[in-house]
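For reference, the chains in residue letters:
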Amino acid sequence: MIVDLQVTADHLAANVRNQLRTRPVCLTQEQKLGQDTVLLDHVEITDRTTLRATPRTVTVVGQGNVPVDLAGSAVEVTQEVVLHLVTVNGLLAAGTSPAAQMTSLPVDVRFTLALTVVGGTPRLQVTYVPPIDVGGLAQLIPGVGQQVDAALTTLSGTVPLDVRGLDRLLLRSLPPVNAGLALDAGERLVTVRLEALTSPRTVTLWQELYAGAAPDRLDGHGWAAFIDETLLALTTLELANAAKPTVGTFGAPVASWSPSGRGIRVSRSGTVKDVGPFDEDADVTVTMTLEFSVVSPDVLRLRLDLDVATDLGGLSGLMGDILGLEPDLDAVLPTVNGWTKVGATTYERTIYPGLSSPLLGHLVVDDLVPDRHGLHLTGHVAPLRPLTPAGLTVEPARFTWQLTGSCSRGIGIRNVGTVTLTGTGSAPLHLCEARVLFDPAKQFPLTVVRDEDGTATAVRIEVGELTEEYLSAPAYPCVVLIKTNGGARAVPLGIPAQASEEELRALTRARWAAVGSCYQLVDMLTDPVFWIPDPPDRTSLHRWDVVMAGLSYGEEVVMIDSDGQRVATGVAGATGTVHLSAVVTPGPEGRDVVLSRSRAEAPATGAQPLVVDVRQTLLEGVASVPADEGLLALRPGRHLGAPVMILVGPTESTLLGLHDPARPEPLATLPTGPRLVAFADGTHPTAALRSNLDLPDGLAASWNRRRGEVTLFAPTATATGPDRVTVLVDPRG
């Protein structure tokens, strides 16, 4: 029970070429040649493709599921490819344009095509056949043959063969037990054969196929299909069994190919007792005919006719009623849907086969050829989509200072050079390799930018501070060597320059403005909470405002800085909310603070996760004032509605006005004592000294004992708003 699909060898060769042109071949090896270096620019797939049969042992499943080894064959494809070589100096001279070819070498690539069945699915097996003959190129580039073989081996593999169109023709899915691919004796036709059910002739049929004796079914068309009558009979017998008579005694249905050569006829004969006016026994034959026709390209129609013949004249219509033949096939055949009643006992169904696969292309059904042994379809092959080889266009953007990064990776200022890659052919562009051509000082780290599909779209160089090694040596430009299946380029990005003070000021303002709306996720409360807006800067301060919701009454939450010191403590009230605020010195690698939660008991089952809202504000040093080594405390306060800071000494304290934080103004010197309480918002001035102080109006101060000074900090004036971080925390103590 076989299905044959047949195309011309020329069509298969063209399809193979098309598929090869979509597969990138990367040869990244280079070879020194005097003062220059030779490398591959691209591989060209020419239109010269030949097919021939090559012997191989084939195992088929014979009758009784017994495996039998046969002297079979595979289809060997010989494809001419041209290796186009260029030199590095040629690439440098061409810049962003294609370089002049140093030489072009045509070589033959060989691989075999075979069909196998794996897990009930037919699969096309492609196998590269080494070694490749590179001729004189082997003397120019030693070992190049092995390198080419290694690259082309990636063409090997297996892919499933799509046979869903055949399932639609058969009205059922029949997984094949055998599958094969063979040329005819004249190497003019290619036959793809699938066998769903074995028979006594199984081994003979496969021997004939591999001997090149498959019949030519094309009849001058682009392709042909043949479905053995026994496969179609299975479907028709199922229909007949579903519509069998409900009275009388009948034998098993018998299927045969219809005389028209276009379908299957199933008959069932029997006897119905005591019918007619004389209560006679009637010999009855019920016939079901299923025929195919092509109504338009790629549209087939199935016509199902039911007929009752009896030896009692004039009783045929009555006999149909007596036999219980249900006129509604949807009721009689609940497992076969989609039939339309078009007559008293006639039904039709439309099929859209859609026979298509990468191996064979889109096979359009045009005609049905009457055949004595099965369904014989012919048609044309849909024209192949014109496929132009991959080409490469590069667009360089020379080094400029700009913002880089993201909230999760940190927002920084870097000198960035970019090469944008664009494919110009219909074949996909593939990046084989990208590297900086010459960089002894390791100044130019390279990254590849890819889209969501993983396709390389750009090559990016990000330079921070120029290294001493780079600055002390003669300056050299950054040149990016790019190798793709669409060609190679050596793209100059120039020599990175130091940023001017004006550039740095503008970028710093932009960087501060970019830190808004950054979010992060923390799994546990005791994890360090990272500073997101920018890399840690020990000359700045970070203000943390933390609001926790969902706590139990009486729970305590402590904020601890990177030195292990408590900087803020809060206890949840009736609303279960705590607000913590602290100014801290930036921690190592952005790890500023840890939030520690204490609770008397484990969370209740089904408790809601804590929601922690964290606001981060970057504070920049704006002024410094001398501070005596004997300083006891720094205290915030207000005087006449304006913010002040009190420097508390052993005997006297200084009141600094902060109306203009960049120019703190001494307002008064007072004896240290109870009178300071009014200025310190009720806080006793002898409380423990903290190195960082949170002041009104978003200001802060930090005391550096070693330098003997207090530095005032203000929020960055150009920031659009404080950075926000939403942290979801598990309800764990």
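For the structure itself, look to the data block above.
As the structure is a computational prediction, the values presented were derived from the model and not from experiment. (Residues numbered from 1 in each chain as written. Predicted model: local features only at pLDDT ≥ 70, side-chain atom pairs only at ≥ 80, totals over all residues. Heavy atoms only, no water.)

1. Things to note about the overall build of the protein chain
Next, step 1: Across its full length, the protein chain holds 11 helices and 42 strands.
Next, step 2: Relative to its full complement of 733 residues, the protein chain shows a buried share of 46%.
Next, step 3: Once local pairs closer than 6 in sequence are excluded, the contacts in the protein chain between residues at least 24 apart make up 66%.
Next, step 4: Just so you have it, the protein chain exposes about 34,600 Å², and 53% of that area is on carbon and sulfur atoms. (Helix = DSSP H or I, 4+ residues; strand = E, 2+ residues; numbered from the N terminus. Buried < 20%, exposed > 50% of the residue type's maximum accessible area, 1.4 Å probe, protein only. Contact = heavy atoms within 4.5 Å. Areas by Shrake-Rupley, 256 points an atom, 1.4 Å probe, with all protein chains shown as cover.)

2. With respect to the state of the cysteines
Next, step 1: In the structure shown here, the tally under the stated rule is 1 disulfide.
Next, step 2: Sulfur-sulfur distance for the disulfide between Cys-26 and Cys-432 comes to 2.0 Å. Residues Cys-26 and Cys-432 are joined through a disulfide that is left-handed, its torsion about the S-S bond being -70°. A residue pair is termed long-range when its members are at least 10 positions apart, and Cys-26 in the loop between helix H1 (9–22) and strand S2 (30–33) and Cys-432 in strand S23 (residues 431–436) qualify at 406 residues.
Next, step 3: Cys-26 sits in the partly exposed class, given a relative accessible area of 26%. (Disulfide = S-S within 2.5 Å.)

3. Overview of the side chain of Ser-357
Next, step 1: Mapped onto the secondary structure, Ser-357 falls in strand S18 (residues 355–357).
Next, step 2: In contact with Ser-357, other than residues within four places in its own chain, are Asn-15, Leu-161 and Asp-162.

4. Focus: the pattern of salt bridges
Next, step 1: Inspection of every chain in the model, using the stated rule, returns 20 salt bridges.
Next, step 2: A salt bridge links Asp-47 to Arg-21; the nearest nitrogen and oxygen atoms lie 2.7 Å apart. Here Arg-21 lies in helix H1 and Asp-47 lies in strand S3 (residues 36–62), a separation of 26 residues in the sequence.
Next, step 3: Residue Glu-30 pairs with Lys-483 through a salt bridge whose shortest N-O separation is 2.6 Å. Here Glu-30, found in strand S2, pairs with Lys-483, found in strand S26 (residues 478–484); they are 453 residues apart in sequence, far enough to count as distant.
Next, step 4: Exposure remark for Lys-483: the relative accessible area of 4% places this residue in the buried category. (Salt bridge = Lys/Arg side-chain N within 4 Å of Asp/Glu carboxyl O.)

5. Examining the sheet that holds strand S19 (residues 361–368)
Next, step 1: Reading across the sheet, the 7 strands line up as S8-S9-S1-S10-S20-S19-S18 and stay open at both edges, with antiparallel pairing between neighbours. If you trace the sheet from one side to the other, it starts and ends with strand S8 (178–183) and S18, each paired once. The mean inter-strand angle of the sheet, taken between neighbouring strand axes irrespective of direction, is 20°.
Next, step 2: Examined bridge by bridge, S19 and strand S20 (residues 374–381) share 5 bridges and lie antiparallel to one another. Its bridge partner being in S20, Val-364 is matched across the sheet by His-380.
Next, step 3: Of the strands in this sheet, strand S1 (2–8), S8, strand S9 (189–195), S18, S19 and S20 touch H1, which is tilted by about 80° from S1.
Next, step 4: Strands S1, S8 and S9 of the sheet are contacted by helix H6 (residues 202–210), whose axis makes an angle of about 25° with S8. (Pairing = 2+ DSSP bridges. Axes fitted to C-alpha atoms, helices over the stretch in contact; angles between N-to-C directions.)

6. Concerning unusual backbone geometry
Next, step 1: Here Pro-130 and Pro-131 are connected by a cis peptide whose omega angle stands at 0°.
Next, step 2: The topology assignment puts Pro-131 in the loop between strand S6 (121–128) and helix H3 (137–140).
Next, step 3: Despite not being glycine, Asp-219 has its phi angle at roughly 55°, a positive value.
Next, step 4: Note on placement: Asp-219 falls in the loop between H6 and strand S10 (223–228).
Next, step 5: One non-glycine residue, Lys-442, adopts positive backbone phi at about 55°.
Next, step 6: Relative to the helices and strands, Lys-442 is located in the loop between S23 and strand S24 (446–450).

7. Considerations on empty space enclosed by the protein
Leftover empty space is mapped by rolling, across the atoms, a probe with the size of a water molecule.
Next, step 1: Using the criterion set out here, one finds 6 cavities of 30 Å³ or more in the structure.
Next, step 2: By volume, the largest cavity is sized at about 160 Å³.
Next, step 3: In terms of lining, the largest cavity is formed by Leu-20, Arg-21, Arg-23, Pro-24, Val-25, Val-43, Glu-44, Ile-45, Pro-389, Ala-390 and Asn-485.
Next, step 4: Among the secondary structure elements, those contributing two or more residues to the lining of the largest cavity are H1 and S3.
Next, step 5: Take the lining of the largest cavity: its biggest share by element is 3 residues, from S3.
Next, step 6: Here the lining of the largest cavity is built from residues that sort into 7 nonpolar, 1 polar and 3 charged. (1 Å grid on protein atoms, 1.4 Å probe; cavity = no way out; pocket = protein on both sides within 12 Å on 5 of 7 lines; lining within 4 Å. Points joined across faces, edges and corners; volume = space filled by probe spheres on them. Nonpolar A, V, L, I, M, F, W, Y, C, P; charged D, E, K, R; others polar.)

8. Digging into the packing of aromatic side chains
Next, step 1: A complete count under the given rule lists 6 aromatic pairs for this structure.
Next, step 2: Taking the centre distance of 5.8 Å and the plane angle of 25° together, the rings of Phe-399 and Phe-444 count as stacked. One end of the pair, Phe-399, is in strand S21 (residues 392–406); the other, Phe-444, is in the loop between S23 and S24, with 45 residues separating them in the sequence. Phe-444 shares its class with Phe-399; the two are buried.
Next, step 3: Clustering of aromatic rings is evident, with ring pairs tying together Phe-399, Phe-438, Phe-444, Tyr-470 and Tyr-476.
Next, step 4: We note Arg-193 situated over the ring of Trp-206; from NZ or CZ to the ring centre the distance is 5.8 Å. (Phe/Tyr/Trp six-rings, centres within 6.5 Å; stacked < 30°, edge-to-face > 60°. Lys NZ or Arg CZ within 6 Å of the ring centre and 35° of its normal.)

9. What about H6?
Next, step 1: Among all positions of H6, only Thr-202, Leu-205, Trp-206, Leu-209 and Tyr-210 are buried. The buried side chains of H6 occupy one side of the element, clustering within an arc of 130° when seen end-on.
Next, step 2: In the core, the buried residues of H6 are packed alongside S1, S3, strand S4 (66–87), S8 and S9.
Next, step 3: Once H6 finishes, Gly-212 follows within two positions and takes phi at roughly 80°, a positive value. (Arc of directions from axis to C-beta.)

10. As for the nonpolar core
Taken as a class, soluble globular proteins show a tendency for nonpolar side chains to be buried jointly.
Next, step 1: Of all hydrophobic cores here, the largest spans 81 residues; its most connected members are Leu-51, Leu-113 and Trp-223.
Next, step 2: No other element matches the 6 residues that strand S5 (residues 103–118) contributes to this core.
Next, step 3: Discounting chain neighbours no more than four positions away, the residues touching Leu-51 are Ala-9, Leu-12, Ala-13, Val-75, Glu-76, Val-77, Leu-183, Glu-187 and Val-190.
Next, step 4: By size, the runner-up hydrophobic cluster in this structure holds 26 residues, among which are Leu-392, Ala-427, Ala-434 and Leu-466. (Core = buried A, V, L, I, M, F, W, Y, C linked by side-chain atoms within 4.5 Å.)

11. Some thoughts on the environment of Pro-650
Next, step 1: If you trace the backbone, Pro-650 turns up in the loop between strand S36 (642–648) and strand S37 (652–657).
Next, step 2: Residues Pro-650 and Gly-630, spaced 20 residues apart in sequence, show a C-alpha to C-alpha distance of 6.8 Å.
Next, step 3: Those residues in contact with Pro-650 that sit more than four places away from it in its chain are Gly-630, Leu-632 and Thr-672.

12. Here's the deal with H1
Next, step 1: A rise of 1.5 Å per residue sets the reference length of H1, with its 14 residues, at 20 Å; its end C-alpha atoms lie 20 Å apart and thus fit the reference within 8%.
Next, step 2: Counting buried positions over the 14 residues of H1 gives 11, a clear majority of the element.
Next, step 3: For H1, the full list of buried residues reads Ala-9, His-11, Leu-12, Ala-13, Ala-14, Asn-15, Val-16, Arg-17, Asn-18, Leu-20 and Arg-21. (Expected span 1.5 Å × (residues − 1).)

13. Thoughts on the environment of Tyr-553
Next, step 1: Take Tyr-553: it is sitting in the loop between strand S29 (540–549) and strand S30 (556–561).
Next, step 2: Relative accessible area serves as the criterion here: at 69%, Tyr-553 is assigned to the exposed category.
Next, step 3: In the structure, Tyr-553 is positioned 21 residues away from Ala-574 in sequence and 5.6 Å away in space, judged by C-alpha atoms.
Next, step 4: Setting aside residues up to four positions removed in sequence, Tyr-553 forms contacts with Ala-572, Gly-573 and Ala-574.

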